[in-house]
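Single-letter residue listing:
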Amino acid sequence: MAQPKYIMNIEKVPHLSDEEKENLKQITEKFVFRVNEYYLGLIDWGDPEDPIRKLVIPNEGELEEYGRWDASDEDTNYVVPGCQHKYDETALLIVSEVCGAYCRYCFRKRLFRNDIKEAMSDVQPGIEYIKNHPEISNVLLTGGDSLILATKKLRGIIEQLRDIPHVKVIRLGSKMPVFNPMRIYEDQALLDLISEYSKPEQRIYVMAHINHPNEITPEAIRGFDALHQAGAIVVNQTPVLRGINDDPDDLAELLDRLSWAGVTPYYFFINRPVAGNNDFVLTLKEAYDAVEKAKAKTSGLGKRVRLSMSHTSGKIEILAIEDGKAYLKYHQSRDAEYGKFMVLDCPEDATWFDDLPGNDAHWNAPKKKWEDFEGANQKIAEKESPQL
């Protein structure tokens, strides 16, 4: 396959000046850098505010003190190596710590550190756990990017999951449909694999991560079509990010172009308060207003999207923010409180559920399911704290 060349060294990006490369080196020493020539080709290098540039080229704000490495306490969801089980019906297999490129806003930046190991090349402990838990009907392969895996490796995982009668849906979390769409439409073995195991009553879903309409190129549309022809269902999710897609016109165009291409708008997310993400932060009110203005410009197909926070306690849907109040509902709940409705004061500077006064009355701090698992928050804090 004619695959684009990958670049892992910021100094190898030809469009950056020597001064820019020197300034950015300190960031790439802390947060890994990776991109490919195809995706770099989507950037308007004459525009310093280009959204694709901001998605993958490091920014100095990444060094500012902000957030936590694991802002949603995913460490409490691990049940065996490489497998999380937060909601009864859904399990996550962390199958890769590599992506086609590394988004600067990534909520799992911790996986791209050399001292953190959560992704597992051996998924057998997770497979065995899923076999023994018949309440699990959905399995998400994520990381990292599931479609960065070799097709042979992916086949081995999917074949095992399809041998488990209660697993009805397999989800592939991936940004490859826009990072490297050729990986999809030029790999007939991948399309054959999807066709073989995505059936009318047991579908494979591709959970795409498309942040901006500029990513929806003719190549990306060809990749969507190849996935559809193979029998996959493609849906999209993206955080709403300052300076990237917080313009309602951009969000509306994204919703329209996804719908036109047969890709279901699934979630708009509030960006998690993760270390290094300060430049992308919007207030809850700003994000809500941008989304509502965008939805006003699109059809009912675009309006299917939900604005949510992936909080420690569950997915919290933002129904409205009006007159200093946040109207919320648990769209998913770790503690089986699905549908719980909440009305909380919403300060102008609130950016996350924890910033809303009285939020702590609506959830409990989680307990680890796997006591011996040492999460990123604890591990990195111990490493970086001064020795007394």
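One structure accompanies this document, and this report is about it.

Rules used throughout
- Residues numbered from 1 in each chain as written.
- Predicted model: local features only at pLDDT ≥ 70, side-chain atom pairs only at ≥ 80, totals over all residues.
- Heavy atoms only, no water.
- Axes fitted to C-alpha atoms, helices over the stretch in contact; angles between N-to-C directions.
- Helix = DSSP H or I, 4+ residues; strand = E, 2+ residues; numbered from the N terminus.
- Parallel < 35°, antiparallel > 145°, perpendicular 65-115°, else oblique.
- Left-handed = near helix turned anticlockwise from the far one by under 90°.
- Contact = heavy atoms within 4.5 Å.
- Nonpolar A, V, L, I, M, F, W, Y, C, P; charged D, E, K, R; others polar.
- Salt bridge = Lys/Arg side-chain N within 4 Å of Asp/Glu carboxyl O.
- Buried < 20%, exposed > 50% of the residue type's maximum accessible area, 1.4 Å probe, protein only.
- Phe/Tyr/Trp six-rings, centres within 6.5 Å; stacked < 30°, edge-to-face > 60°.
- Pairing = 2+ DSSP bridges.
- Arc of directions from axis to C-beta.
- Polar contact = N/O pair within 3.5 Å; in protein donor to acceptor, adjacent residues only side chain to side chain.
- Core = buried A, V, L, I, M, F, W, Y, C linked by side-chain atoms within 4.5 Å.

1. With respect to the packing of helix α4 (residues 124-131) against helix α5 (residues 151-162)
Here is step 1: α5 packs onto α4 with a crossing angle of 15° between their chain directions and a minimal axis gap of 10 Å. Taken as axis vectors, α4 and α5 run roughly parallel relative to one another. Crossing hand, α4 versus α5: right-handed. Residues Gln-124, Ile-127 and Ile-130 of α4 form the contact with α5, whose own contacting residues are Ile-157, Gln-160 and Leu-161.
Here is step 2: Counted by class, the contact of α4 with α5 contains four nonpolar, two polar and no charged residues.

2. Some words on the pattern of salt bridges
Here is step 1: Throughout the structure, instances matching the rule amount to 24 salt bridges.
Here is step 2: Lys-25 is the partner of Glu-11 in a salt bridge, and the nearest nitrogen-oxygen pair spans 3.3 Å. A residue pair is termed long-range when its members are at least 10 positions apart, and Glu-11 in the loop between β1 (6-7) and α1 (18-30) and Lys-25 in helix α1 qualify at 14 residues.
Here is step 3: Overall, the relative accessible area of 39% leaves Glu-11 in the partly exposed class.

3. So, the packing of aromatic side chains
Here is step 1: Taken as a whole and judged by the stated rule, the model has seven aromatic pairs.
Here is step 2: Taking 4.7 Å as the distance between ring centres and 80° as the angle between the ring planes, the aromatic pair formed by Tyr-39 and Phe-179 counts as edge-to-face. Taken together, the residues span a long stretch of sequence, with Tyr-39 in helix α2 (residues 37-40) and Phe-179 in helix α6 (residues 176-179) at a distance of 140 residues. The same class applies to Tyr-39 as to Phe-179, namely buried.
Here is step 3: With centroids separated by 6.5 Å and ring planes inclined at 85°, the aromatic side chains of Tyr-105 and Phe-280 adopt a geometry described as edge-to-face. One end of the pair, Tyr-105, is in the loop between β5 (90-94) and α4; the other, Phe-280, is in the loop between β10 (264-270) and α11 (284-295), and 175 residues separate them in sequence.
Here is step 4: Tyr-105 sits in the buried class, given a relative accessible area of 9%.

4. Considering unusual backbone geometry
Here is step 1: Residue Gly-143 is joined to Gly-144 through a cis peptide bond whose omega torsion reads 25°.
Here is step 2: Mapped onto the elements, Gly-144 comes out in the loop between β6 (138-142) and α5.
Here is step 3: The backbone phi angle of Asp-73 is positive, close to 55°, even though this residue is not glycine.
Here is step 4: Accessibility expressed as a relative area gives 14% for Asp-73, which makes it buried.
Here is step 5: The phi dihedral of Ala-336 is positive, around 60°, even though this residue is not glycine.
Here is step 6: With respect to the helices and strands, Ala-336 occurs in the loop between β13 (325-330) and β14 (341-345).

5. Brief notes about the sheet that holds β5
Here is step 1: If you walk across this open sheet you meet the 12 strands as β3-β4-β5-β6-β7-β8-β9-β10-β11-β12-β13-β14, and the pairing is mixed. Both outer strands of the open sheet, β3 (78-80) and β14, are each paired with one neighbouring strand and no more. The mean angle between the axes of side-by-side strands here comes to 30°, regardless of whether they run parallel or antiparallel.
Here is step 2: As judged from the five bridges shared by β13 and β14, these two strands associate in the antiparallel manner. Paired with Ala-326 across the strands is Leu-344, a residue of β14.
Here is step 3: Across the sheet, helix α10 (residues 248-260) is in contact with β9 (233-240) and β10; its angle to β10 comes to roughly 150°.

6. Focus on the pairing of β13
Here is step 1: A one-sided burial pattern is seen for β13, the buried positions being Ala-326, Leu-328 and Tyr-330 and the unburied ones Lys-325, Tyr-327 and Lys-329.
Here is step 2: Relative to β13, strand β12 (residues 314-322) runs antiparallel, the two sharing six bridges. Bridge pairing links Ile-321 to Ala-326 in β13.
Here is step 3: Counting the residues in the hairpin turn of β12 and β13 gives two residues, including Asp-323, whose phi is positive at 50°.

7. Let's talk about helix α8 (residues 188-197)
Here is step 1: When α8 is considered as a whole, its buried residues turn out to be Leu-190, Leu-191, Leu-193, Ile-194 and Tyr-197. Considered in projection along α8, the buried side chains sweep an arc of 155° and stay on one side of the axis.
Here is step 2: Those residues of α8 that are buried lie in contact with α5, α7 (182-185), β8 (204-208) and α9 (218-230).
Here is step 3: For α8, the N-terminal cap is Asp-187; the gap from its side-chain oxygen to the backbone nitrogen of Ala-189 is 3.1 Å.

8. Some points on the nonpolar core
Here is step 1: Core analysis: the biggest nonpolar cluster contains 120 residues, and Leu-141, Leu-328 and Phe-353 have the highest contact counts within it.
Here is step 2: Counting residues per element, this core draws most heavily on α11, at six residues.
Here is step 3: In contact with Leu-141, other than residues within four places in its own chain, are Leu-93, Val-95, Ser-146, Leu-154, Ile-157, Ile-158, Leu-161, Arg-171, Leu-172 and Gly-173.

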